[in-house]
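Working through the structure, step by step
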Amino acid sequence: MKPLILAHYMPWYMARPFSQVWGWHWTMNAFDPEKQTAGKREIASHYYPLIGPYDSGDPTVLEYHLLLMKLSGIDGVIVDWYGLSDLFDYPFLHKNTQTLVELANKLGLKYAICYEDQTIPRLIESKKLTAEERVLHARRELDWLRKNWFKGPGYVKVQGKPLLLSFGFDGLTNAEWAEVLKGSPDAQIYVSEHNKRSAAQGSFDWPIPNEYPASLDRFDKQRVGQSISIPVAFPRFHDIYAEGKAQPTLGRIPDDNGRTWTANLQRALKSNAPIIQLATWNDWGEGTGIEPTQEFGYRDLEAVQRLIGVKADLRLPLRLYRLRQSQASNPVPTTELDRIARLISQKALAPATQELLRLEKNSQKKPN
């Protein structure tokens, strides 16, 4: 049986003109997207998005991403979530995740949350939280998730319970996670990164550049006996942290002309795990994205299609995205564009293609 395939999604990109400024994840400490060379903006990435640098709050971008996933055979997303606090760009990230969740529900994709509990030490450092409130704060965050997104129609369930991931070990301790979940351990299926925490039902894997491929072997051994484990597949690791003057590089896993991606994906599919995480959809800073790029085109998504036996024209979402982007000069009724999005999400590709062709021809006839 095909596992649930979920792409890890970063909602943290801020770009003009949708936002007033370019965010740190495009600029880091050394890049200026206002500068262009050969038609490309200067961004904090070794690779360039096929649609150019974008804003994670733009619904047209999110629709494009989700429809690409649908046609690729990817079932949904695991979203990096930094909680509800008013610190740094956390409110921006939460708002973008809300938009993403709403569109996932609308387009029929799954979603789950990976909680970044590293936010808790940051809140204490900023004096927005006391050390004594660490567990209470995490409980409040989890309560909000239970009352809101966990109940959503598309939220990922395992054994009938919502799936919750947590990233890293720099936030809460094992004992604190046990306290957070005390009294409601069965309300969700909780999995932690790499190693199973004492309060977790299982673990999920993540790229470790300086230990690859041994890290994958280690995870395969550790997952034996766990009630839930989520292996990872990734195409490469090529961060730009040193060039961006953010931190030293974390290491390198070569792309190897797509062979790294194919091998890791085949390995994950053969694991018989019920869920596989693709790391990542769009981490441009670490170079692990499988979103279409100017360098690789649709290659990585076509590999997913090939390995799970899916056939669909991956260029349809881009054509819809371009029509939405051209609204200012060549307006098209939104209802017609929404209808095409619905057809693509339902994989009614022949009528979607016909509708796109008709609107594209009409758009070309109109004077700019």
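Here the structure is shown first, and the text comes after it.
None of these values were measured; they are calculated from a predicted model.

Scoring rules and cut-offs
Residues numbered from 1 in each chain as written. Predicted model: local features only at pLDDT ≥ 70, side-chain atom pairs only at ≥ 80, totals over all residues. Heavy atoms only, no water. Helix = DSSP H or I, 4+ residues; strand = E, 2+ residues; numbered from the N terminus. Rg over C-alpha atoms; globule rule 2.2 N^0.38 Å. Buried < 20%, exposed > 50% of the residue type's maximum accessible area, 1.4 Å probe, protein only. Contact = heavy atoms within 4.5 Å. Areas by Shrake-Rupley, 256 points an atom, 1.4 Å probe, with all protein chains shown as cover. Axes fitted to C-alpha atoms, helices over the stretch in contact; angles between N-to-C directions. Parallel < 35°, antiparallel > 145°, perpendicular 65-115°, else oblique. Left-handed = near helix turned anticlockwise from the far one by under 90°. Nonpolar A, V, L, I, M, F, W, Y, C, P; charged D, E, K, R; others polar. Pairing = 2+ DSSP bridges. Right-handed = clockwise from strand over helix to strand, strands pointing away. Phe/Tyr/Trp six-rings, centres within 6.5 Å; stacked < 30°, edge-to-face > 60°. Lys NZ or Arg CZ within 6 Å of the ring centre and 35° of its normal. Core = buried A, V, L, I, M, F, W, Y, C linked by side-chain atoms within 4.5 Å. Expected span 1.5 Å × (residues − 1). Polar contact = N/O pair within 3.5 Å; in protein donor to acceptor, adjacent residues only side chain to side chain.

**Topic: the overall build of the chain**
- If you tally the helices and strands in the chain, you get 12 helices and 14 strands.
- Against the compact-globule benchmark of 21 Å for 368 residues, the chain has a radius of gyration of 21 Å, which places it among compact chains.
- With respect to the three principal axes, the spread of C-alpha positions in the chain is 65 × 45 × 40 Å.
- Looking at the 368 residues of the chain, the share that counts as buried comes to 58%.
- Nonlocal contacts in the chain, meaning residues at least 24 apart in sequence, comprise 70% of its contacts between residues at least 6 apart.
- Just so you have it, the chain exposes about 16000 Å², and 51% of that area is on carbon and sulfur atoms.

**Description of the packing of helix α2 (residues 59–72) against helix α3 (residues 90–107)**
- Where α2 meets α3, the axes come as close as 10 Å, and the angle between the chain directions of the two elements is 45°. Accordingly, the angle class assigned to the pair α2 and α3 is oblique. As for how α2 packs across α3, the hand of that crossing is right-handed. Packed against α2, whose contacting residues are Pro59, Leu62, Glu63, Leu66, Leu67 and Lys70, the element α3 presents Asn96, Thr99, Leu100, Leu103, Ala104 and Leu107 at the interface.
- Its residues assigned to classes, the contact of α2 with α3 comprises eight nonpolar, two polar and two charged.

**Comments concerning the pairing of strand β5 (residues 110–115)**
- Burial runs high along β5: five of the six residues are buried.
- Pairing geometry for strand β4 (residues 76–81) and β5, over six bridges, is parallel. Looking at β5, one finds that Val79 is bridged to Ile113.
- Crossover β4 to β5 through α3 is right-handed.
- In this structure, β5 lies alongside strand β7 (residues 161–166), joined through three bridges in parallel fashion. Paired with Cys114 across the bridge in β7 is Leu165.

**Describing the packing of aromatic side chains**
- On inspection of all chains with the given rule, the structure shows 20 aromatic pairs.
- Between the aromatic rings of Trp144 and Trp149, the centroid separation amounts to 4.8 Å while the plane-to-plane angle is 90°, which identifies the pairing as edge-to-face.
- Geometrically, the ring pair formed by Trp177 and Tyr190 is stacked, given 4.3 Å between the ring centres and 20° between the ring planes. You can see Trp177 sitting in helix α6 (residues 174–181) and its partner Tyr190 sitting in strand β8 (residues 189–193), a full 13 residues away along the chain.
- Judged by its relative accessible area of 2%, Trp177 falls in the buried class.
- You can call Tyr190 buried: its relative accessible area is 1%.
- An aromatic cluster is present here, built from Trp12, Tyr13, Trp26, Tyr54, Tyr82, Phe88 and Tyr90 joined pairwise through their rings.
- Residue placement shows Arg236 over the ring face of Tyr47; its charged tip is 5.2 Å from the ring centre.

**Observations concerning the nonpolar core**
- Membership of the largest hydrophobic core comes to 110 residues, with the highest contact counts inside it found for Leu66, Ile74, Leu163, Leu164, Trp177, Leu278 and Trp281.
- Excluding residues that lie within four positions of it along the chain, Ile74 makes contacts with Ile5, Ala7, Met69, Leu109, Leu278, Trp281, Ile290, Leu301 and Val304.
- Counting residues in each nonpolar core, the second largest holds five residues, with Met28, Ala44, Ile240 and Tyr241 among its members.

**What about α3?**
- Across its 18 residues, α3 extends 25 Å between first and last C-alpha, which sits within 8% of the 26 Å expected from 1.5 Å per residue.
- Restricting attention to buried positions, one finds in α3 the residues Tyr90, Phe92, Leu93, His94, Asn96, Thr97, Thr99, Leu100, Val101, Leu103, Ala104 and Leu107.

**Digging into the packing of α2 against helix α11 (residues 334–345)**
- At a minimum axis separation of 9 Å, α2 and α11 run at an interaxial angle of 30°. Taken together, the axes of α2 and α11 lie roughly parallel to each other. Touching Glu63, Leu67, Lys70 and Leu71 of α2 are Ala341, Ile344 and Ser345, all from α11.
- For the contact of α2 with α11, the class distribution of residues is four nonpolar, one polar and two charged.

**Some remarks on unusual backbone geometry**
- For the peptide bond that leads from Tyr212 to Pro213, omega is 5°, which places it in the cis range.
- With respect to the helices and strands, the residue Pro213 is situated in the loop between β9 (202–204) and α7 (214–222).
- Residue Ala279 is joined to Thr280 through a cis peptide bond whose omega torsion reads 15°.
- Following the sequence through the fold, Thr280 ends up in the loop between β14 (275–278) and α9 (299–308).
- Here Ala38, not a glycine, exhibits a phi torsion of approximately 55°, which is positive.
- One non-glycine residue with positive phi stands out, namely Lys347, at about 60°.
- Looking at the element boundaries, Lys347 is found in the loop between α11 and α12 (349–365).

**Examining the side chain of Thr280**
- Overall, Thr280 belongs to the buried group, its relative accessible area being 1%.
- For Thr280, the side chain forms a polar contact with the main-chain nitrogen of Asn282, separated by 3.4 Å.
- Residue contacts for Thr280: discarding those within four places in its chain leaves His8, Met10, Trp206, Thr288, Gly289 and Ile290.

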